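These are the residues of each chain, in order.
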Amino acid sequence: MDNPQIITGLTSEAVLKSRAASGSNSSIAKQRSTVWVLLKEMVLEPMFILLIAACIIYFIAGQYAEGFVMVTAIIIVSGISFFQEYRSRNAIDALRKLSASETTVIRNGIKQKIPVDQIVLQDVVLLEEGEIIAADGRLLIANDFSVNESNLTGESLPVFKSVDENANVYKGTLVTSGSATIVVTAIGSQTTFDKIGLSLQSISVIKTPLQKQIQSFVKNMAIVGGVAFCIVVAYNYFYSRQLFTAFMQGLTLAMSILPEEIPVAFTTFMALGAMRMMKNGVLVKQPQYVETLGAATVICTDKTGTLTLNEMKIAWLYDVVTGQSISAKEKQAIPHLLLEYAMWASETTAFDPMEKAIHEMYGLISVTDKRKEFLQVHEYPLGGTPPFMTHIFRNAGGETIIAAKGAPEALIALSTLSTEKKFAIKQQVLQYAASGFRVLAVGRAVWNEPKFPVAQTEFAFDVLGLLAFSDPPKKNMAETISTFHAAGIKVKMITGDYPETAMHIAQELGIAVNSTVLTGNEVVQMPAEELKTVIGNVQVFARMYPEAKLKIIEALRENGEVVAMTGDGVNDAPALKAADIGIAMGKRGSEVARDAASLVLTDDDLAHMTDAVLYGRKIYDNLEKAIRYIISIHVPIILIVVVPLLLNWNFYTLFFPVHVIFLEIVMGPTCSIVYENEPAEPGVMQRPPRKMSSTFLSLSALLVSILQGLIIAAGCLGIAAWYLHNGYDNTLVRTMVFITIIFCNIFLSFVNRSFRYNIFISSKKVNPLLLYAALFTLLSVICFITIPFFRGLFQLTAIGFRDILYSITVAAVSTFWIELFKGKKQR
């Protein structure tokens with residue numbers, strides 16, 4: 001360790017001057033305006049093109065009133081789509097900003113966290129293990145400091161650095177051990193990282209299987225709409241010889257076929273769902289991960305800091321010399337030599353919870369602190385399987401101290417102790433572990449050669465004793481585990497602790513249903529097929545290391561499980577990346593872990609994952625309701641346009657584009673805003689996870705929705721046929737059909753709130769937006785039948801109370817029949 005210095009960093013005034021002179025730490029990458037991107041995408045949408053075509057045809061035909069109505073419709077429909085997309089992308093941008101990296105700087109003599117793009121030249125930055133360095137710099141202080149520079153040099157081994165040797169650090173490299181203080185020498189595009197073109201891209205939005213299915217579905221429907229347009233125009237013109245009417249019917253059919261609300265609904269649900277989850281302590285790196293959450297079947301969690309408080313306290317000390325286990329409360333009986341060497345083997349500035357506990361106890365006992373007289377001359381960072389670390393100090397008189405601490409089995413294997421003492425230590429380790437304590441061994445060594453060995457395993461250690469640390473479970477963890485189990489999600493503990501320690505905590509929290517434990521070595525040595533067979537019956541994995549964790553995740557996924565994995569360290573990154581849902585800790589998690597993860601728990605509380613699963617299931621359920629609602633209402637619109645034409649009715653122009661576009665104005669917000677706001681259904685966390693392979697876009701899944709649409713179409717066409725048969729005016733027929741399908745839409749939006757529970761149960765939870773949408777639609781109906789201006793625009797006529805009653809009755813029968821189906825399904 002290099003000598004500590006008093007560093008105050010830049011002043012606020014110096015930061016402003018540096019930023020004005022040299023800029024901030026951001027790469028030169030111009031982002032296109034969100035507004036212009038959305039406008040470009042909007043004008044290329046098939047629905048927009050159809051609306052423009054209808055508008056042009058109206059103006060060419062001299063029907064200016066209808067033309068201006070279509071212009072207004074274009075503004076309204078496009079405005080709604082633009083608003084929803086803009087809102088969704090703003091939510092995604094906000095998530096990107098929240099997930100952007102931060103670093104610790106010293107300014108005005110105070111440590112503070114800032115976004116990495118606010119670093120300026122000459123800033124003093126503090127670096128810790130697991131952090132990705134955000135700017136080029138020069139070391140001022142280094143503690144056991146090594147960096148992985150493989151992305152710059154191609155060299156996979158860590159590079160050890162000190163103030164006197166190899167003192168430069170570079171942006172984009174990874175701190176693999178220790179801590180350091182640097183002064184920034186280059187930022188932004190002037191860093192070595194940016195100069196060679198390695199700048200990291202911002203979060204990219206990946207396409208999930210469901211998103212791809214939706215895009216394929218909409219694309220296919222667009223093709224169908226195009227073909228139908230051509231057929232209807234040709235068919236209609238062949239029989240009527242009226243080109244205007246033929247084109248209007250073709251456009252009406254194409255508009256009714258195109259489900260352009262579906263991709264908008266998907267984007268809105270995922271983005272706004274991610275924002276809602278963020279407010280509950282779960283930062284979703286990409287909104288599309290929300291889709292996966294509801295399907296999670298297994299959650300693999302670390303123990304320390306996730307299930308436990310990570311508030312280490314030394315509870316017991318075992319002295320090898322006396323063979324006694326001493327309570328930490330007995331201050332006078334504490335073996336000073338054991339605690340002193342534990343301090344020698346720790347960092348001067350402790351950041352690890354166990355080292356902080358050692359520092360705390362060392363400060364409570366009255367011993368002489370000799371460290372001020374010594375200088376650290378060599379160090380071996382934490383390494384090996386199982387791991388330990390070694391520090392070497394020397395004073396002016398040439399006295400050398402070699403101190404080590406780490407996994408007991410590592411030091412025991414390298415010790416010079418007798419077989420009896422080794423056995424006694426191992427027995428004591430098992431006793432501590434069985435009581436739920438974390439255990440470290442402390443040792444010392446002697447080295448008489450002029451050069452220190454290349455590896456710390458070449459020392460022969462004298463084991464001085466053991467330190468047992470208490471780390472109790474979090475109070476809410478037993479309830480959290482129980483919630484996971486009730487939701488059909490299996491919980492597995494993966495920890496580096498002793499099997500006995502892990503099992504003690506697992507049984508206390510209700511994770512372990514048997515006494516089976518697999519260790520990291522057992523997992524790695526086990527054939528893959530055998531592991532896949534046994535892994536389902538194992539809940540506790542102990543003495544784990546990165547390769548073993550990764551093998552567990554792969555085995556679970558090969559068994560068809562949807563795996564969520566928590567992690568916080570650098571070594572957890574491969575497993576986090578391999579899991580379906582990687583979960584990093586926001587407070588104690590390393591930057592590498594956060595970068596590899598799908599989600600970040602902002603306050604490290606696993607309990608928020610139960611909320612995240614609930615949100616994931618609710619969002620998927622609501623998206624399914626929205627899409628089934630869209631299908632159910634599109635089917636009758638299509639049939640109302642097509643059936644009279646194919647059956648050669650005397651009056652077949654029931655709908656024009658203006659009628660379809662009004663229904664689009666109602667349907668768009670209903671499916672993407674109203675249904676997104678639907679509360680979770682009762683029992684959502686008491687049912688098993690859905691299968692990732694399942695989809696609600698298959699023909700079998702949509703049969704009920706198609707049947708709903710067919711019955712609504714039968715009702716609307718039935719009332720049209722009845723009025724035509726009785727000689728009523730064509731305009732009245734159109735009015736009855738239009739008003740009936742509007743009432744069907746209102747009723748459908750209520751009955752489709754749940755396909756599991758009847759309307760009385762689902763109505764117990766109020767959705768205000770649904771009520772507002774229904775009220776708007778009812779007011780529109782009143783306007784259509786009472787205000788001459790609107791009647792003229794939509795080519796409708798005034799109707800009486802009896803006609804309205806007929807319309808409502810037909811609409812109710814055509815939609816509420818599904819309640820009988822729900823009742824049968826529930827029984």
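Rules used throughout
- All residue numbers refer to position in the chain's written sequence, counted from 1.
- Selection of residues for local features in this predicted model requires a pLDDT of at least 70, selection of side-chain atom pairs for listing and counting requires 80 or more, and totals for whole chains, interfaces and linings are taken over all residues.
- The side-chain values count all of the structure's non-hydrogen atoms but skip hydrogen atoms and water molecules.
- The secondary structure listing takes helices from DSSP runs of H or I that are at least 4 residues long and strands from runs of E that are at least 2 residues long, numbered from the N terminus.
- Each residue gets one of three labels from its accessible area relative to the maximum for its type: buried under 20%, exposed over 50%, partly exposed in between, using a 1.4 Å probe on protein chains only.
- By definition, residues are in contact when any of their heavy atoms lie within 4.5 Å.
- Here the accessible surface of atoms and residues is derived via Shrake-Rupley with a 1.4 Å probe, and residues count as covered only by protein chains that are part of the display.
- In this analysis, the expected span of each helix is defined as 1.5 Å times one less than the number of residues it contains.
- Criterion used throughout: strands pair if DSSP finds at least two bridges between them.
- Axis geometry follows a simple rule: fit a line to the C-alpha atoms, using only the stretch in contact for helices, then measure angles between N-to-C directions, giving values from 0 to 180 degrees.
- Stacked, edge-to-face and tilted are the three classes for Phe, Tyr and Trp ring pairs, Trp counted by its six-membered ring, which pair at centre distances within 6.5 Å; planes under 30 degrees apart are stacked, over 60 edge-to-face, the rest tilted.
- By the definition adopted for this analysis, an angle is roughly parallel if under 35 degrees, roughly antiparallel if over 145, roughly perpendicular if from 65 to 115, and oblique otherwise.
- Crossing chirality is assigned from the near helix's rotation relative to the far helix, an anticlockwise turn below a right angle marking it left-handed and a clockwise turn marking it right-handed.
- Throughout this description, a polar contact denotes any pair of N or O atoms lying within 3.5 Å of each other; where both atoms belong to protein, one of them has to be capable of donating a hydrogen while the other can accept it, and for residues adjacent in sequence the pair is counted only when both atoms sit in side chains.

*Asks:* Looking at this structure, how should I read the overall build of the protein?
*Replies:* When you go through the protein residue by residue, the secondary structure sums to 30 helices and 22 strands. Of all 827 residues assigned to the protein, the portion counted as buried reaches 54%. Relative to all contacts within the protein whose residues are 6 or more apart in sequence, the contacts with residues 24 or more apart total 72%. Roughly 35,800 Å² of accessible area belongs to the protein as shown, and the carbon and sulfur atoms make up 59% of that amount.

*Asks:* Could you clarify how one ought to interpret helix α9 (residues 261-279) in this entry?
*Replies:* Along an α-helix, a turn takes 3.6 residues, which lines up residues three or four apart on a common side. In a regular helix each residue adds 1.5 Å, so 19 residues correspond to 27 Å; α9 covers 27 Å between its end C-alpha atoms and thus fits that length. With 15 of 19 residues buried, α9 lies mostly within the body of the structure. One or two steps after α9, the chain reaches Gly 281, where phi turns positive at roughly 90 degrees.

*Asks:* Even after reading the chapter, I still don't get the sheet that holds strand β22 (residues 599-601), so can you show me in this structure?
*Replies:* Hydrogen bonds between backbone groups are what pair the strands of a sheet, and the pairing can be parallel or antiparallel. As summarised here, the arrangement of the eight strands in space is β8-β22-β21-β20-β9-β17-β19-β18, forming an open sheet in which the pairing is mixed. Since the sheet does not close on itself, it has two edges, and those belong to β8 (282-284) and β18 (517-519), each with one partner. Each strand axis lies, on average, 20 degrees off the axis of its neighbour in the sheet, ignoring direction. The strands touched by helix α16 (residues 499-509) within the sheet are β17 (490-494), β18 and β19 (540-542), with β19 carrying the most contacts at an inclination of about 150 degrees. Helix α22 (residues 607-646) rests against β8, β21 (581-585) and β22 of the sheet, and its axis sits at about 140 degrees to β22.

*Asks:* Help me understand the packing of aromatic side chains in this model?
*Replies:* The geometry of an aromatic ring pair is captured by two quantities: the separation of the ring centres and the angle between the planes. Scanning all chains against the criterion turns up 23 aromatic pairs. Aromatic pair Tyr 629 and Tyr 675: ring centres 5.6 Å apart, planes at 50 degrees, arrangement tilted. One end of the pair, Tyr 629, is in helix α22; the other, Tyr 675, is in the loop between α23 (657-674) and α24 (699-725), with 46 residues separating them in the sequence. The pair formed by Tyr 629 and Tyr 675 is uniform in burial state, with each residue classed as buried.

*Asks:* I keep staring at the packing of helix α8 (residues 243-257) against α22 and nothing clicks. Help me out?
*Replies:* Pairs of packed helices are described in terms of their axes, by the angle between the two and the distance that separates them. Where α8 meets α22, the closest approach of the two axes is 8 Å, and the angle between their N-to-C directions is 165 degrees. Considering their axes alone, α8 and α22 lie roughly antiparallel with respect to each other. Two packed elements cross with a definite hand, and for α8 against α22 that hand is left-handed. Taking contact as the criterion, the partners of Gln 249, Thr 252, Leu 253, Met 255, Ser 256 and Ile 257 in α8 are, on α22, His 634, Ile 637, Ile 638, Val 641 and Val 642.

*Asks:* Can you help me understand the side chain of Ser 632 in this one?
*Replies:* Here Ser 632 lies in helix α22. At 3.1 Å, the side chain of Ser 632 and the backbone oxygen of Ser 705 are in polar contact. Every residue in contact with Ser 632, bar those within four places of it in the chain, is listed here: Ser 705, Gln 708, Gly 709, Ile 712, Leu 748 and Asn 752.

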